[in-house]
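Take a look at the letters that make up each chain.
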Amino acid sequence: MNIYVIGIGLIGGSIALDSKALYPQTKIFGIDSNEDHIKEAIALGVVDEGAVFEDVAKADFVIVSVPVDVAIVLLPKILDIIPDAAIVFDVGSTKTPICEAVVNHPKRRNFIATHPIAGTEFSGPSAAITGLFQGKTNIICEVEKTAFKLQEKALWLFNAMGMRIRYMDAKSHDKHIAYVSHLSHISSFMLGKTVINKEKDEQDIFDMAGSGFESTVRLAKSSPAMWTPIFKQNKKQVVKTLEEYIANLSKFKELLENEDYDAIYSEMESVNKIKEILNGMKK
């Protein structure tokens, strides 16, 4: 079986590593606009060989792991040339624009829209991790538009990788992911910016930074090349979540200015229940 990974970074590379473990006889081909990424991926054993775009005409699986603005351009072209029995899936953090890009394609049945909720703040072939998706949720959108036998083919791989499958329409996905992922990244980027701007005069801030600060700004190390297109494609939902977040920050600031510490205590206490939610997710 031939698996082609387009975009050999954290997600694409991790899928490649798991696929090699699950299908020892499979050949994994890497396609990337960065030639150094291909060389590095081969050296690390993430992929077996480099390839060019036209080679997907020989594919059984095609994994599209590129920035979402690139994915909407590439996907129709991939579907144009793949064999009839091949399955294509993307792993992007927005789903509505992705699904709209292929909605009328004659081979729409060969595509399955997915979003594995997994990852780290690192990028490139060296970020790939075996077992990254074990126990993680994979959101699948518009599954009814994918041919049933090809669904089975993809689902076998996802299940074998240890993913939990959740079905959702594309608009609901984009709405919910704006809260739990996109807003988290914006918060991290802007906290990092706030501290960096202050650090110009006060180096002591970084000398005093502990694990709490490090974990909160961890996502600020994420790739702007990946996240700018995500914010662009999900602008409407992201703006809405920002409005709600800013309102909560403003309320907290007002309580502090008014020295209403009982209200501040109650605000924080009410949010403590998120521990139960997160513990439930882990279970």
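Keep in mind that what you see is a predicted model, and the values were worked out from it rather than measured.

Asks: Go over the overall build of the chain with me, naming the residues and quoting the values.
Replies: Along its length, the chain carries 12 helices and eight strands. A globule of 283 residues ought to have a C-alpha radius of gyration of about 19 Å, and the chain, at 21 Å, matches this closely. Here the C-alpha coordinates of the chain stretch approximately 65 × 40 × 35 Å along the principal axes. In the chain, buried positions account for 43% of the 283 residues. In the chain, the share of contacts with a sequence separation of at least 24, taken over all contacts with a separation of at least 6, comes to 74%. Carbon and sulfur atoms provide 56% of the accessible area of the chain, an area that totals close to 15,400 Å².

Asks: Mind laying out helix α10 (residues 235-257), listing which residues take part and the relevant values?
Replies: For α10, spanning 23 residues, the distance from its first C-alpha to its last is 32 Å, which sits close to the expected 33 Å at 1.5 Å a residue. Contacts from the buried residues of α10 go to α6 (170-199), α9 (224-233) and α11 (261-271). E259, located one to two residues past α10, shows a positive phi value of around 55°.

Asks: I'd like to hear about the nonpolar core, residue by residue, with values.
Replies: The biggest cluster of nonpolar side chains holds 34 residues, and the ones touching the most others in it are I15, V46 and F89. Of all the secondary structure elements, the ones that give two or more residues to this core are β1 (2-6), α1 (10-22), α2 (35-43), β4 (61-64), β5 (87-90) and α5 (148-160). Excluding anything up to four places from it in sequence, F89 contacts I15, F61, V62, I63, V64, F111, I112, T114, L157 and F158. Formed by 27 residues, the second largest nonpolar core is a distinct cluster that contains I31, I98, V102 and I139.

Asks: Quick one: what's the story with the pattern of salt bridges, residue by residue and with numbers?
Replies: All chains considered together, the criterion is met by 11 salt bridges. Residue D48 is joined to K20 by a salt bridge in which the shortest nitrogen-to-oxygen separation is 2.7 Å. Placement of the pair is D48 in the loop between α2 and β3 (49-50) and K20 in helix α1, with a sequence separation of 28 residues. For D48, a relative accessible area of 30% translates into the label partly exposed. You can call K20 partly exposed: its relative accessible area is 26%.

Asks: Could you give an account of the domain arrangement of the chain, naming the residues involved and the relevant values?
Replies: One can read the domain layout of the chain as domain 1 (2-169) and domain 2 (173-281). Distance between the C-alpha centres of domain 1 and domain 2: 30 Å. Facing the 19 residues of domain 1 at the interface are 16 residues of domain 2. By the criterion of area lost to domain 2, the three top residues of domain 1 are S93, T94 and E121, representing 40% of everything that side buries. If you look at where domain 1 meets domain 2, you find two salt bridges. One salt bridge in this structure joins K221 and E121, with 3.2 Å as the shortest N-O distance. Along the contact surface separating domain 1 from domain 2 lie nine residue pairs in polar contact (both at pLDDT 80 or more). Per-element accounting of the side of domain 1 that touches domain 2 gives the leading share, three residues, to helix α3 (residues 68-81). Here the side of domain 1 that touches domain 2 is composed, by residue class, of nine nonpolar, five polar and five charged.

Asks: Describe the sheet that holds β1, naming the residues involved and giving the relevant values.
Replies: Read across the sheet, eight strands follow the order β3-β2-β1-β4-β5-β6-β7-β8 without closing on themselves; strand pairing throughout is mixed. The strands lining the two open edges of the sheet, one partner per strand, are β3 and β8 (164-168). Sheet topology places strand β2 (residues 27-31) next to β3; two bridges connect them, and they run parallel. Residue pairing in the sheet places G30 in a bridge with G50 of β3. Contacting β4, β5, β6 (111-116), β7 (137-141) and β8, α5 crosses the sheet at an angle of about 55° to β5.

Asks: Residue-level account of a positive patch on the surface, with values.
Replies: Residues K171, K175, K236 and K240 make up a contiguous surface patch of positive charge. Listing elements by their share of the positive patch, those giving two or more residues are α6 and α10. Checked against the element boundaries, K236 lands in helix α10.

Asks: Break down the confidence of the model for the chain for me, citing the residues and quoting the values.
Replies: In this model, the chain carries an average pLDDT of 92, and 96% of its residues clear a pLDDT of 70 or more. Per-element averaging of pLDDT across the chain places helix α12 (residues 274-282) at the bottom with 69 and β4 at the top with 98.

Asks: Quick one: what's the story with the side chain of E142, residue by residue and with numbers?
Replies: Mapped onto the elements, E142 comes out in the loop between β7 and α5. E142 gets classed as buried once you look at its relative accessible area, which sits at 19%. Every residue in contact with E142, bar those within four places of it in the chain, is listed here: C99, R108 and M168.

The rules behind the values
Residues numbered from 1 in each chain as written. Predicted model: local features only at pLDDT ≥ 70, side-chain atom pairs only at ≥ 80, totals over all residues. Heavy atoms only, no water. Helix = DSSP H or I, 4+ residues; strand = E, 2+ residues; numbered from the N terminus. Rg over C-alpha atoms; globule rule 2.2 N^0.38 Å. Buried < 20%, exposed > 50% of the residue type's maximum accessible area, 1.4 Å probe, protein only. Contact = heavy atoms within 4.5 Å. Areas by Shrake-Rupley, 256 points an atom, 1.4 Å probe, with all protein chains shown as cover. Expected span 1.5 Å × (residues − 1). Core = buried A, V, L, I, M, F, W, Y, C linked by side-chain atoms within 4.5 Å. Salt bridge = Lys/Arg side-chain N within 4 Å of Asp/Glu carboxyl O. Domains from an automatic or database assignment. Buried area = accessible area lost by both parts, 1.4 Å probe. Polar contact = N/O pair within 3.5 Å; in protein donor to acceptor, adjacent residues only side chain to side chain. Nonpolar A, V, L, I, M, F, W, Y, C, P; charged D, E, K, R; others polar. Pairing = 2+ DSSP bridges. Axes fitted to C-alpha atoms, helices over the stretch in contact; angles between N-to-C directions. Patch = residues over 30% accessible without salt bridge, like charges linked within 9 Å, V, L, I, M, F, W, Y side chains within 5 Å. Lys, Arg positive; Asp, Glu negative; His and termini not counted. Charge placed at Lys NZ, Arg CZ, Asp CG, Glu CD. pLDDT = per-residue confidence, 0-100.

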